[in-house]
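Listed below, chain by chain, are the residues.
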Amino acid sequence: MIRRVLLGVFAAGFAIGIAQSLGVEAQETEGAGDGPRYVNGTDLVRPDDYREWTFLSSSLDMTYDAPGARSGPSRFQNVYVNRSSYRAFLDSGRWPDETIFVLEIRESSREGAINDAGQFQAGLVALEAEVKDDRFADGWAFYDFGVAGSLRDVSEPLSGARVAGCIECHTEHTAAERTFVQFYPTLLEAARRHGTLKPGF
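Here goes a summary of the coordinates provided. In this text, all values refer to a predicted model and were calculated from it rather than measured experimentally.

### Considerations on the overall build of the protein chain
Within the protein chain one finds four helices and eight strands. Helices and strands appear in the protein chain in the N-to-C order α-β-β-β-β-α-β-β-β-β-α-α. Relative to its 201 residues, the protein chain shows a buried fraction of 37%. Across the protein chain, the fraction of contacts at a sequence separation of at least 24, relative to all contacts at a separation of at least 6, is 53%. Carbon and sulfur atoms make up 56% of the accessible area of the protein chain, which totals about 12100 Å².

### Considerations on the pairing of strand S6 (residues 120-132)
The pairing of strand S5 (residues 100-109) with S6 spans nine bridges and is classified as antiparallel. Bridge assignment links Ser108 to a residue of S6, and that residue is Gln121. Across seven bridges, S6 lies against strand S7 (residues 140-147) in antiparallel orientation. The residue bridging Leu127 from the neighbouring strand is Gly146, located in S7.

### Re the layout of surface pockets
Roughly 240 Å³ of volume is contained in the second largest pocket. Along its surface, the second largest pocket is lined by 16 residues, and Asp34, Gly35, Arg37, Asp49 and Trp53 are the ones closest to its centre. For the lining of the second largest pocket, the class distribution of residues is seven nonpolar, two polar and seven charged.

Definitions and cut-offs
- Here, residues in each chain are numbered from 1, in the same order as that chain's written sequence.
- The predicted origin of the model limits local features to residues at a pLDDT of at least 70 and limits the giving and counting of side-chain atom pairs to 80 or more, whereas totals for whole chains, interfaces and linings rest on all residues.
- Based on all heavy atoms of the structure, the side-chain values leave hydrogens and waters out of the count.
- Each helix corresponds to a stretch of at least 4 residues labelled H or I by DSSP, and each strand to a stretch of at least 2 residues labelled E; elements are numbered beginning at the N terminus.
- Each residue is assigned to one of three classes by its accessible area relative to the maximum for its type, calculated with a 1.4 Å probe on protein chains only: buried under 20%, partly exposed between the two thresholds, exposed over 50%.
- We call two residues contacting when some pair of their heavy atoms lies within 4.5 Å.
- Here the Shrake-Rupley method, with its probe set to 1.4 Å, supplies the accessible areas, and only the displayed protein chains count as covering residues.
- Pairs of strands are assigned from DSSP output, requiring at least two bridges between the strands.
- In this analysis the probe radius is 1.4 Å and the grid spacing 1 Å, with only protein atoms considered; a cavity is a set of points the probe fits into but cannot get out of, a pocket is an open set with protein on both sides within 12 Å along at least five of seven lines, and lining residues have an atom within 4 Å of a point.
- Grid points are joined across faces, edges and corners, and a volume is the space filled by probe spheres set on the points.
- Classification convention: Asp, Glu, Lys, Arg as charged; Ala, Val, Leu, Ile, Met, Phe, Trp, Tyr, Cys, Pro as nonpolar; all other residues, Gly among them, as polar.

Below, the structure is given as structure tokens:
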């Protein structure tokens, strides 16, 4: 009887120890952060695991090109955000510092579609990013990792005329802070709930 009691106590203690160990490991993983990683302070390291982040939305031909400036097949734009920032926005309607968005641009294809009008996503075209970081004068930075086949591992923040266009568009046409929340259904509802939408949205 005593032996069975001792074995039970030992097993319970072992189980508690394992649970505590797993809890610590989970806390360390969560606390490690999933925000942007930099080289030389502000040069952004391309996050290769972005497709494991929270997928916000996909659009078709929602590009920065002027009307009629580009011909050829349509392109899909997929937007991902780091998971901790997504949860923070749901809770507050605001993006925390070290939020990082990745914009993935892909070709469209009809070949093999199950109907005449169908289109689906095909090869990667280009990869860009937007980061909220209060160290930048504007509070946000924009990055371009280049085109498929020659993606850069690290990108400097855009500057000059290139970033001016980004800032103008992300100031005039975005629903919450510098982000297109109006196109992300779950986040649009969160912004409405928290009262953080810009006037007009």
